[in-house]
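Architecture at a glance
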Amino acid sequence: MNQTQATDLLNRYSSGNCTVAEQQLVEAWYQELVNTGELEYGEGEKGSIQEAIEIELLQSIATDEIPYTSYTGETPVRQMHNRTWWAAAAILLCLSGTVVYLLNKRAATDLAKAGSTLKNDAEPGSNKAVLTLANGKTILLDDAANGVVAQEGKAKLEKPDDGKLVYSSDNSSGEGPLSYNTLATPRKGQYQLRLPDGTKVWLNAASSIHYPTGFRGKERRVQITGEAYFEVTHDKEMPFIVEKGDMQVEVLGTHFNVNAYDDESAIKTTLLEGSVKVVRQWAVDSGELAKGKRQKAKDKIQEVVLKPGEQAIAAAHSSLTIHHSPDLEQVIAWKNGLFHFESADIKTVMRQLARWYDVDVVYEGPAVKNDPLFVEISRNTRLSDVLKVLQESGSAKFSIQGKMIIVK
């Protein structure tokens, strides 16, 4: 039985259009995979798979009684109990995407046994960041011991454990200019930060945040690069503002993600909880005057207010647009320690891998297939294993040369 025939059988099994013999074949196949233990789960993976199966079931099953007509003329199966549906959903989940999660686990093992072109490897990223103080001094936080790492005015900077930096007291009182710090992650790094007002920030790889060591006046303003997730402490008297280039996000207290990498096509602000206003201001050239003089550039300002589950998209030289139903799981997967792609193209996937494994990507040969990819895998996975999963999907072939991924 080839893959096309297997997929057709599983689709008929899911819809109830299979014979007793075919049903038994499918269930025996699934049970064999479970019993032999060939599908090994990494930490945290089993729960996500079960959750996906449950969602699939809730969306597609209204009753155990499934009427249908047999295509083979044999006696049809009239009833499929919960055990049967679990088997069907699990296997169909395996085959439904361009990248099949569970079977890819098995395929990766087979590739490893048979040998592949992925002879080199790279470890996944970890908690790494550099803190730059107001006086220009830098502290490598991944090397710093836990405890107080610095003090800026009244604000103590503490590292309670690996991966976190906490400002334990507010430096907002007093006179004189505020001190500013910058926290930056390299490629292959991530870090968490708690600002003086209690706001929590997660920084993705190759990202930074510039902020005061205490908040004064009528606003709390920070600047970012790369990608950051915020859980902002509510303060109606002092809005929190995240700034990136000509765009800023204004909030009182909420949860949201900003993806603002320079190598992405647009800045994307995604709201998970609360309300935010996204404001964009950029210069618009009005053209030549009759006498050959150019008018002064005028500022164009656009504002959009997001509701939970919406995303503002700010592409270069374009007006703000709103995506009303972005994939929230995909947006914050990085914060939850996952690569999660839904209908993603290969170059989108490779940009994330490049940042997290600190590698460069080179495309060789004919044009790479742009088939949509469906992947969920832990970010703690070694690079070679991630590439084996992608390679098994048929999207491309990969090799690793030093700190470079070759895509063919």
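Remember, it's a predicted structure, so these values are computed and weren't measured experimentally. (Residues numbered from 1 in each chain as written. Predicted model: local features only at pLDDT ≥ 70, side-chain atom pairs only at ≥ 80, totals over all residues. Heavy atoms only, no water.)

1. Description of the overall build of the protein
- A count of helical and extended segments in the protein gives eight helices and 24 strands.
- Within the protein, buried positions represent 43% of all 408 residues.
- By sequence separation, contacts in the protein at least 24 residues apart represent 56% of the contacts at least 6 residues apart.
- Put simply, the protein shows about 20800 Å² of open surface, and 49% of that area lies on carbon and sulfur atoms. (Helix = DSSP H or I, 4+ residues; strand = E, 2+ residues; numbered from the N terminus. Buried < 20%, exposed > 50% of the residue type's maximum accessible area, 1.4 Å probe, protein only. Contact = heavy atoms within 4.5 Å. Areas by Shrake-Rupley, 256 points an atom, 1.4 Å probe, with all protein chains shown as cover.)

2. Side note on helix H8 (residues 383–392)
- When you tally the buried positions in H8, you get eight out of 10 residues, the bulk of the element.
- Of the residues making up H8, those classed as buried are Leu383, Ser384, Val386, Leu387, Lys388, Val389, Leu390 and Gln391.
- With its phi angle positive at about 85°, Gly394 sits one or two positions after the end of H8.

3. Observations concerning the packing of aromatic side chains
- The tally for this structure, following the rule as stated, stands at seven aromatic pairs.
- Taking the centre distance of 5.1 Å and the plane angle of 15° together, the rings of Phe230 and Phe256 count as stacked. Taken as a pair, Phe230 in strand E11 (residues 220–231) and Phe256 in strand E14 (residues 255–260) lie far apart in primary sequence, 26 residues in all. Note on accessibility: Phe230 and Phe256 belong to one class, buried.
- Aromatic ring contacts, followed pair by pair, group Phe215, Phe230, Phe240 and Phe256 into a single cluster.
- Here Lys335 stacks its cationic end above the ring of Tyr229, 4.9 Å away from the centre of that ring.
- Its end group placed over the ring of Phe339, Arg379 keeps NZ or CZ at 5.9 Å from the ring centre. (Phe/Tyr/Trp six-rings, centres within 6.5 Å; stacked < 30°, edge-to-face > 60°. Lys NZ or Arg CZ within 6 Å of the ring centre and 35° of its normal.)

4. Observations concerning the pattern of salt bridges
- Taken as a whole and assessed by the stated rule, the structure comprises 16 salt bridges.
- Close ionic contact of Arg382 with Glu123 constitutes a salt bridge, the shortest N to O distance being 2.0 Å. Here Arg382 is found in the loop between strand E22 (373–378) and H8, whereas its partner Glu123 is found in the loop between helix H5 (101–114) and strand E1 (126–127), with 259 residues between them in sequence.
- For Glu123, a relative accessible area of 42% corresponds to the partly exposed category.
- A salt bridge links Asp197 to Arg220, with the nearest nitrogen and oxygen atoms 2.5 Å apart. One end of the pair, Asp197, is in the loop between strand E8 (189–194) and strand E9 (200–203); the other, Arg220, is in strand E11, and 23 residues separate them in sequence.
- Each of the salt bridges in this network shares a partner with another, and the network as a whole consists of Arg187, Asp358, Asp360 and Lys403. (Salt bridge = Lys/Arg side-chain N within 4 Å of Asp/Glu carboxyl O.)

5. A few points about the layout of surface pockets
- Of the volumes computed, that of the second largest pocket is approximately 640 Å³.
- Residue lining of the second largest pocket: 34 residues in total, with Asn259, Lys268, Gln330, Thr348 and Gln352 positioned closest to the centre.
- Counting residues per element, the ones that place at least two in the lining of the second largest pocket are E14, strand E15 (266–273), strand E18 (311–315), helix H6 (328–332), strand E20 (338–344) and helix H7 (346–357).
- Residue contributions to the lining of the second largest pocket peak at seven residues, all from E20.
- Of the residues that constitute the lining of the second largest pocket, the class distribution is 13 nonpolar, 12 polar and nine charged. (1 Å grid on protein atoms, 1.4 Å probe; cavity = no way out; pocket = protein on both sides within 12 Å on 5 of 7 lines; lining within 4 Å. Points joined across faces, edges and corners; volume = space filled by probe spheres on them. Nonpolar A, V, L, I, M, F, W, Y, C, P; charged D, E, K, R; others polar.)

6. Examining the sheet that holds strand E24 (residues 404–407)
- Ordered by their spatial adjacency, three strands build an open sheet running E21-E24-E23, and the pairing between neighbours is mixed. The open sheet has two edge strands, strand E21 (360–363) and strand E23 (398–401), and neither has a second partner. Strand-to-strand, the axes of this sheet are offset by a mean angle of 25°, without reference to chain direction.
- Seen against the sheet, H7 touches E21, E23 and E24 and runs at an angle of roughly 150° to E21.
- Together, E23 and E24 form the strand contacts of H8, whose direction differs from that of E23 by roughly 160°. (Pairing = 2+ DSSP bridges. Axes fitted to C-alpha atoms, helices over the stretch in contact; angles between N-to-C directions.)

7. Brief notes about unusual backbone geometry
- Although it is not a glycine, Lys188 sits at a positive phi angle of roughly 75°.
- Its location among the elements puts Lys188 in the loop between strand E7 (180–184) and E8.
- Looking at Lys188, the relative accessible area reads 18%, which means it is buried.
- The residue Ala206 is not glycine, and still its phi comes out positive at about 55°.
- In this structure, Ala206 sits in the loop between E9 and strand E10 (208–212).

8. Here's the deal with the nonpolar core
- Counting residues in hydrophobic clusters, the biggest one holds 44 residues, and the most contacted among them are Leu131, Leu165, Leu183, Ile209, Tyr211, Phe230 and Phe256.
- The biggest single contributor to this core is E11, with four residues.
- Every residue in contact with Ile209, bar those within four places of it in the chain, is listed here: Asn181, Thr182, Leu183, Leu193, Val201, Leu203, Val222, Gln223, Ile224 and Phe230.
- Listed in part, the 26 residues of the second largest apolar core include Val368, Leu383, Phe398 and Ile405. (Core = buried A, V, L, I, M, F, W, Y, C linked by side-chain atoms within 4.5 Å.)

9. Re the environment of Lys307
- Tracing the sequence through the fold places Lys307 in the loop between strand E17 (298–306) and E18.
- The exposure class assigned to Lys307 is exposed, which follows from its relative accessible area of 59%.
- With 31 residues separating them in the primary sequence, Lys307 and Val276 have C-alpha atoms 7.5 Å apart.

10. Concerning the confidence of the model for the protein
- Residues with a pLDDT of 70 or more make up 65% of the protein, whose mean pLDDT is 77.
- Note on residues 45–117: pLDDT under 50 across the span, and 121 contacts to partners over four residues away in sequence or across chains. (pLDDT = per-residue confidence, 0-100.)

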